[in-house]
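# Survey of secondary and tertiary structure
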Amino acid sequence: MKYARLTKEQFEELHQEFINFLATQSITADEWKTIKETQPEAAEQELDVFSDLVWFGVLNKVKYLEHISPQQIHLFKCNEKNMRLIALKIENTAIDFTTKDGFQWLRDNLLSDSITFYNAKKDYSDDKHLDIFKMIQSGANITKGELFEYFANLING
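Residue positions are given per chain, counted from 1 along the sequence in the order it is written. In keeping with the model being predicted, local features are shown solely for residues with a pLDDT of at least 70 and side-chain atom pairs are shown and tallied solely at 80 or more, while totals for entire chains, interfaces and linings include all residues. Note: side-chain values were computed over all heavy atoms of the structure, leaving out hydrogens and water.

## Here we look at the side chain of Ser 51
Helix and strand definitions here come from DSSP, where helices need a minimum of 4 consecutive H or I residues and strands a minimum of 2 consecutive E residues; each element is numbered from the N-terminal end. Here Ser 51 shows up in helix α4 (residues 40–61). Within the local environment of Ser 51, its side chain forms a polar contact with the backbone nitrogen of Leu 6, the two atoms lying 3.0 Å apart. Only heavy atoms matter for contacts: two residues are in contact if any of them lie within 4.5 Å across the pair. Ser 51 has contacts with Met 1, Ala 4, Arg 5, Leu 6 and Phe 11, leaving out every residue within four places of it along the chain. Polar contacts here mean pairs of N or O atoms no more than 3.5 Å apart (in protein, one a potential hydrogen donor and the other a potential acceptor; neighbouring residues in sequence count only if both atoms are side-chain atoms).

## Quick notes on the nonpolar core
What we call a nonpolar core is a set of buried Ala, Val, Leu, Ile, Met, Phe, Trp, Tyr and Cys residues that are connected through their side-chain atoms within 4.5 Å. Relative accessibility decides the category of a residue: with a 1.4 Å probe and only protein chains considered, values under 20% of the type maximum give buried, values over 50% give exposed, and everything between is partly exposed. By size, the foremost hydrophobic cluster in this structure holds 28 residues, and its most contacted members are Phe 18, Trp 32, Trp 55, Leu 65 and Ile 132. Those elements that provide at least two residues to this core are α2 (15–24), α3 (29–38), α4, β2 (72–78), β3 (82–90) and α6 (128–137). In terms of residues, this core owes the most to one element, α4, which gives five residues. In contact with Leu 65, not counting residues within four places along its chain, are His 74, Leu 75, Phe 76, Cys 78, Ile 132, Met 135, Ile 136, Ala 140, Asn 141, Ile 142 and Thr 143. The next biggest cluster of nonpolar side chains, apart from the first, holds 15 residues, and it includes Tyr 64, Phe 97, Ile 115 and Phe 148.

## As for the packing of α4 against α6
Throughout, an axis means a line fitted to C-alpha atoms (over the contacting stretch in the case of helices), and angles, computed between N-to-C directions, take values from 0 to 180 degrees. Two elements in contact, α4 and α6, have axes separated by 10 Å at closest approach and are oriented at 95°. Taken together, the axes of α4 and α6 lie roughly perpendicular to each other. Every residue of α6 that contacts α4 at Trp 55, Phe 56, Leu 59 and Asn 60 is listed here: His 129, Ile 132, Phe 133 and Ile 136. Nonpolar residues are Ala, Val, Leu, Ile, Met, Phe, Trp, Tyr, Cys and Pro. Charged residues are Asp, Glu, Lys and Arg, and all others, Gly as well, are polar. Class assignment for the residues of the contact of α4 with α6 results in six nonpolar, two polar and no charged. Throughout this description, any angle smaller than 35 degrees is read as roughly parallel, any larger than 145 degrees as roughly antiparallel, any in the 65 to 115 degree range as roughly perpendicular, and the remainder as oblique.

## Quick word on the packing of aromatic side chains
The relative placement of two aromatic rings is captured by the distance of their centres and the angle of their planes. Aromatic rings from Phe, Tyr and Trp, taking only the six-membered ring of Trp, are treated as a pair when their centres fall within 6.5 Å; an angle between ring planes under 30 degrees marks them as stacked, one over 60 as edge-to-face, and anything in between as tilted. With the rule as written, the count across this model stands at 11 aromatic pairs. With 5.0 Å between their ring centres and 75° between their planes, Phe 18 and Phe 50 make a pair best called edge-to-face. Of the two residues, Phe 18 is situated in helix α2 and Phe 50 in helix α4; the sequence distance between them amounts to 32 residues. When sorted by exposure, Phe 18 lands in the same class as Phe 50, which is buried. Each ring, one from Tyr 150 and one from Phe 151, has its centre 5.2 Å from the other, and the planes form 80°; the classification is edge-to-face. Here Tyr 150 falls in the partly exposed class, since its relative accessible area comes to 46%.

Take a look at the structure:
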């Protein structure tokens, strides 16, 4: 398994897609029931393959990621061959970017000397999708990129 098995809730959400996946392998509902009962390892393998297919589909569409912690914001744009990072860091531990007040402080004090900006590019390893997956596993969220583009315009503007 390359990524991670979907959760029970995710499988429930993707119930119809899983049925279609089994159908592409000519596995009927009755046969699936039998496989689960008599060949649990094979059933587990099917769940893993389906999970990887779902993850690949999701990861293939990711354009932006963001990871916001109390004193840092990491914004990523996932390009074809590399990832661009815009990061903001503050030393003041009284400010917490994960709160509404902290984010408002950031908006009001964007050009303050207490905020450090970083701008970098990093090439992917041999597996772009796995790189993105690991970032999601470590807490990054898939976004539409509004925050990234706002700061990109601010930096480049």
